Amino acid sequence: MADDERKSRNGEIIVVIEEDLRELIPGYLENRRKDMAEIVAALDRGDFETIRSLSHMMKGSGGGYGFDEITEIGRACEDAAKRSQAQEVRDQVARLTVYLDHVVVVYEP
Amino acid sequence: MSKILIVDDDPEILKLLRFKLSQEGYKVAIAIDAYNGIQSARRENPDLIILDIMLPAGGGYHTLKNIRLTPQGVQTPIVILTGQQDAELRQKIEHEGVEAYLEKPVDYPVLSATIKKLLQP
């Protein structure tokens, strides 16, 4: 899977993804925002099993779509959830927020 | 046209693989948990199965064992695609006899090459 992440001067995170995935990418990124909301709600309940499950899926899917950083965040968040470390989970949610706010996808054939 | 059954509980993985495999000309069937995976393996008679390990309603290991119980299931190539990094579990699964064991995140070119090799006449 094509993946080439680099930061541009204005803070954008440029990710190069193959053109044929264009129709799947907006939905994929939007669903990660929904994951974040679910993780925050699960934190409020102390429901680390839900956080672990959502993070595990993020870890498994991110790189496949070309977003290696999402896989890394998923891995760190899953690990924190297994140890019931609420603050570490919050840190990863914050990291994902920044990433989603700054990622810019460039499609290449 | 070969038919591939994907058994995975992650909708994003199902979406991605269905899209890419269809582009390559495969017929694709999907199942979202262990129970439906076992049922679909019998009903759909796929040429190859892509199987996740962490699955609701029974788990991938149980699914694998059940699929291998049927005469058609014994002969169907199975590619494990998992985010689970557990050496003991991997050993147990490989002992059951799978044709390939790949880790997530999915590297599609590797998966595609593996499938092509396994479906060669």
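Everything quoted here is computed from the prediction, not taken from an experiment. (Residues numbered from 1 in each chain as written. Chains lettered and ligands numbered in written order. Predicted model: local features only at pLDDT ≥ 70, side-chain atom pairs only at ≥ 80, totals over all residues.)

## Digging into the overall build of chain B
Looking only at helices and strands, one finds six helices and five strands in chain B. Across its three principal axes, chain B shows a C-alpha extent of roughly 35 × 30 × 25 Å. Taking all 121 residues of chain B together, the buried fraction comes to 39%. In chain B, 58% of the contacts between residues at least 6 apart in sequence involve partners at least 24 apart. (Helix = DSSP H or I, 4+ residues; strand = E, 2+ residues; numbered from the N terminus. Buried ≥ 20, exposed ≤ 12 C-beta atoms within 10 Å, placed from the backbone. Contact = placed C-beta atoms within 7 Å.)

## Focus on the environment of Thr 76 of chain B
Mapped onto the elements of the fold, Thr 76 of chain B is located in the loop between helix H4 (71-75) and strand E4 (78-82). Distance from Thr 76 of chain B to Met 54 of chain B, taken between C-alpha atoms, is 21 Å for residues 22 residues apart in sequence.

## Concerning the packing of helix H3 (residues 68-82) of chain A against helix H4 (residues 86-102) of chain A
In a pair of packed helices, the angle between the axes and the distance between the axes together describe the arrangement. Residue and element names in this part refer to chain A. At their nearest, the axes of H3 and H4 sit 8 Å apart, and the two run at 165° to each other. One way to sum up the angle between H3 and H4 is to call them roughly antiparallel. Every pair of crossing elements has a handedness; the one defined by H3 and H4 is left-handed. Each of Glu 69, Ile 73, Ala 76, Cys 77, Ala 80 and Ala 81 in H3 lies in contact with H4, whose residues at this interface are Glu 88, Val 89, Gln 92, Arg 95, Leu 96 and Tyr 99. Of the residues contributing to the contact of H3 with H4, the split by class is eight nonpolar, one polar and three charged. (Axes fitted to C-alpha atoms, helices over the stretch in contact; angles between N-to-C directions. Parallel < 35°, antiparallel > 145°, perpendicular 65-115°, else oblique. Left-handed = near helix turned anticlockwise from the far one by under 90°. Nonpolar A, V, L, I, M, F, W, Y, C, P; charged D, E, K, R; others polar.)

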